[in-house]
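Structural overview
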Amino acid sequence: MEETYLLNYPGVKKKILAGGNGPMPHFPPGTKLVFHFQTLLDNFERTVIDDSRKAKAKVPMEIFVGKMFKMEVWETLLTSMRIGEVAEFWCDAVHTGLYPIVSKGMRLIAQGKDPLEGQRHTCGMGNMFHYNTTGWPELDELMRTPQALIFIMELIQVGDPFSYKRESWIMDKDEKMKEVPSLHLQGNALVRQGHFREAAKKYQEAVVLLRIVLSKEMPGDEDYIAVDRLITPLVLNYCQCMLELEEYYEVLEHTSDLIHKHKDCVKAYYKRAKAHAAVWNEKEAKRDFNMVANLDITLAPLVHKELRFLADRLKEKYWEEKEKYWNCLEQEEIEGKKEEDEEKEDEEGKKEKDGESTVTKVKDKEKSKDNSASSKEEVKDVKDDKQNETGWKKAIEKDGTTITATVKDKAKVKDRTANQATMKDETANKRTESTPETQPETNQSALSVIEGMDWQQKLRHIMFLEKEGNFLLTEQKYSEATTKFKEALEYVDFIQNKEVCYKDRREDWDSLEKVRVPITLNLSQCLLELRDYQEVVALNTKLLKKHRDNFKAVYQRARAHSALCNEEEARNDFQKVERLEPRFKPIVNQEMKRLGENLRNKHIIDKKNYWEATEEKWGLEGTKAKAKARKISTPSESPFHLPSILPPRLQNPI
């Protein structure tokens, strides 16, 4: 058994150490070989480099015949053995050049690490040259000096190609295409059972197989298009599973990729719209739902139902957030102000205590100096007494300055607090004087809300009221929106009239004016819907005095004049709208037709015919221009000139 056999393979010698069992097995492509190995150096000590039995996992190696393992010689060695056979192979350096790379990967796998971790997108040898080391000195030595190696192998098992679950890298193209339908059916069965996570994995495996096949096809070919069509339903099923599992952002990613390739895929638009609605992307969800209705008209009722459901969810979210965050910022600011006031009071109290202590210290010093001066007067001469008196006076003058300084500081603090109290009283009196007794209760309650706020808080409160009004306007609750907009305008008027001076704080005034304009326009829109046309005219006329070129205000006033049948004013305003915004010409034409209909309806109600209406408008002379022309051309001195009682149309010659 220790006899050496030369294989029909150059650079390889075989010595059987233990015979195997049974006949020589057959090794078709895809056969699974399970074996243990030991690698030795070809030296006197026969140094062991690797041993699969001594690794941490103690799991035998597996390779698949015909699947291009890095050590190609191993496939040759193992296919020459029987099951249970142990053999020793001597391999020349020609066959062992890549062994350090293979050994490094096996050692990392035994440690539970990824063998490709940290590598760049190059070949294995390129990574070796980049890092200059494998991490093990014995492998680095083999890299520097390639040499012959000895492999002792034991073949444990030979698996049939169909006796195990084949992974994607083992399958060929036909096997992958046959595996896809079975995975699709398995995923559908799991969906019916409600196991969405497992079904998503099946769909994902099928998509991976098809994309591997697709990567080897020429884009634009028939095979490429056919495979691509198979991917689309699998991705849509996967997205449906992700919707059920509430993985919305993954749905957005995959559906967007599908729409980029197939812009008429209705299901992809629908699933993406559902995902957008789930993550509160309102604009994107509405856009995708409308796209679904445009692509397939039969789905319009479903789209309307989904849009109503989305609107209801947005309402619930709005009111939940309103209840949750209402007055949060204001409460924090009030608490911060309270803390600041308490800190100021503590500082003032400390200053008063320090002032009192300094006063007591100065008095004690004066007493001690008086005693010392009296004792010195008794002992010393008159000259010394005079010197002591001068020194004593200087000391008193110095100490007097400190005393007066501390007393002045104390008086300043008291004066400051008194001034603050008087200022508060004066502002309160001014506010009470500025609010007339005849003002409605709603205005008094509204102004009382903002009296305790600073300028920024009031501005935030105005913006909040504007948002509430806009929301109510979109919900077609016009009367409630009107109250919100009017309240916001009252606050703006109050701030501009009482707190912000146009000369001193012009920027703040302008910013408030910018806030006023959209609120006024939205209020005007609500009043138009409520058919309060007189107030619409008054409101927009007031706005146009400051903003003459605001075509929205002109347009809303024109609509109000049209509803009131003020023909001349409505025509002038519509012409101004067309001049300010030429793109509105079709809309202006429609409004002019509506104006004519309103005038006809008014004449019907008043029971006036065409001649009576024209006489009432222009008089018996016809139009104003024609009447003026006739007055100029006809002499007033003519005794034969008689006024015509015929309408203008019948006065012209035939």
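Residues numbered from 1 in each chain as written. Predicted model: local features only at pLDDT ≥ 70, side-chain atom pairs only at ≥ 80, totals over all residues. Heavy atoms only, no water.

Naming follows an unreviewed UniProt entry, where the protein appears as Aryl-hydrocarbon-interacting protein-like 1 of Salvelinus namaycush. According to its UniProt record, the protein has this under Subcellular location (unreviewed entry): "Cytoplasm". (UniProt positions renumbered as here; feature names shortened; annotations may be inferred.)

1. Considerations on the overall build of the protein
For the protein, the count of helices and strands is 24 helices and 7 strands. In the protein, buried positions account for 32% of the 654 residues. Across the protein, the fraction of contacts at a sequence separation of at least 24, relative to all contacts at a separation of at least 6, is 64%. (Helix = DSSP H or I, 4+ residues; strand = E, 2+ residues; numbered from the N terminus. Buried < 20%, exposed > 50% of the residue type's maximum accessible area, 1.4 Å probe, protein only. Contact = heavy atoms within 4.5 Å.)

2. Considerations on a negative patch on the surface
Residues Glu339, Glu340, Asp341, Glu342, Glu343, Glu345, Asp346 and Glu347 make up a contiguous surface patch of negative charge. Here Glu342 is to be found in helix 12 (residues 328-379). (Patch = residues over 30% accessible without salt bridge, like charges linked within 9 Å, V, L, I, M, F, W, Y side chains within 5 Å. Areas by Shrake-Rupley, 256 points an atom, 1.4 Å probe, with all protein chains shown as cover. Salt bridge = Lys/Arg side-chain N within 4 Å of Asp/Glu carboxyl O. Lys, Arg positive; Asp, Glu negative; His and termini not counted. Charge placed at Lys NZ, Arg CZ, Asp CG, Glu CD.)

3. Quick notes on the environment of Glu247
Mapped onto the secondary structure, Glu247 falls in the loop between helix 7 (222-244) and helix 8 (248-261). When the C-alpha atoms of Glu247 and Ala278 are compared, they prove to be 10.0 Å apart, with 31 residues separating the residues in sequence. Filtering out sequence-adjacent residues up to four positions away, Glu247 remains in contact with Arg197 and Met242.

4. Observations concerning the confidence of the model for the protein
Of the residues in the protein, 67% reach a pLDDT of 70 or more, and the chain-wide mean stands at 75. For the protein, the element scoring lowest by mean pLDDT is helix 24 (residues 648-651), at 36; helix 9 (residues 266-278) scores highest, at 93. Scored below 50 in pLDDT, residues 373-443 shows 31 contacts in the model against residues more than four places distant or in partner chains. Note on residues 630-654: pLDDT under 50 across the span, and 14 contacts to partners over four residues away in sequence or across chains. (pLDDT = per-residue confidence, 0-100.)

5. Here we look at helix 20 (residues 567-580)
With 14 residues, helix 20 ought to run about 20 Å at 1.5 Å a step, and its terminal C-alpha atoms sit 20 Å apart, in line with that. Buried residues of helix 20: Glu567, Ala570, Asp573, Phe574 and Val577, and no others. The buried residues of helix 20 occupy an angular sector of 135° when the element is viewed end-on, so they sit on one face. Residues of helix 20 that are exposed and angled more than 90 degrees away from the buried face: Glu568 and Arg579. (Expected span 1.5 Å × (residues − 1). Arc of directions from axis to C-beta.)

6. A look at helix 8
With 14 residues, helix 8 should cover 20 Å at 1.5 Å per step; its first-to-last C-alpha distance of 20 Å lies within 8% of that length. Elements in contact with the buried residues of helix 8: helix 7 and helix 9.

7. Describing the pairing of strand 3 (residues 32-41)
Looking along a regular strand, one sees the side chains alternate between the two faces of the sheet. Across the 10 residues that make up strand 3, a large majority, 8, are buried. Of the pairings in the sheet, the one linking strand 3 to strand 5 (residues 61-64) comprises 4 bridges and is antiparallel in character. Note that in strand 5 the partner of Leu33 across the bridge is Ile63. With 10 bridges connecting them, strand 3 and strand 7 (residues 149-159) associate as antiparallel partners. Looking at strand 7, one finds that His36 is bridged to Glu154. (Pairing = 2+ DSSP bridges.)

8. Re the packing of helix 7 against helix 9
Close contact between helix 7 and helix 9 brings their axes to 11 Å; oriented N to C, the two are set at 20°. If you check the angle between helix 7 and helix 9, you find them roughly parallel. Crossing handedness for the pair helix 7 and helix 9: left-handed. Contacts between helix 7 and helix 9 pair Leu236, Cys239, Gln240 and Leu243 from the former with Lys267, Ala268, Lys271, Lys274 and Ala275 from the latter. (Axes fitted to C-alpha atoms, helices over the stretch in contact; angles between N-to-C directions. Parallel < 35°, antiparallel > 145°, perpendicular 65-115°, else oblique. Left-handed = near helix turned anticlockwise from the far one by under 90°.)

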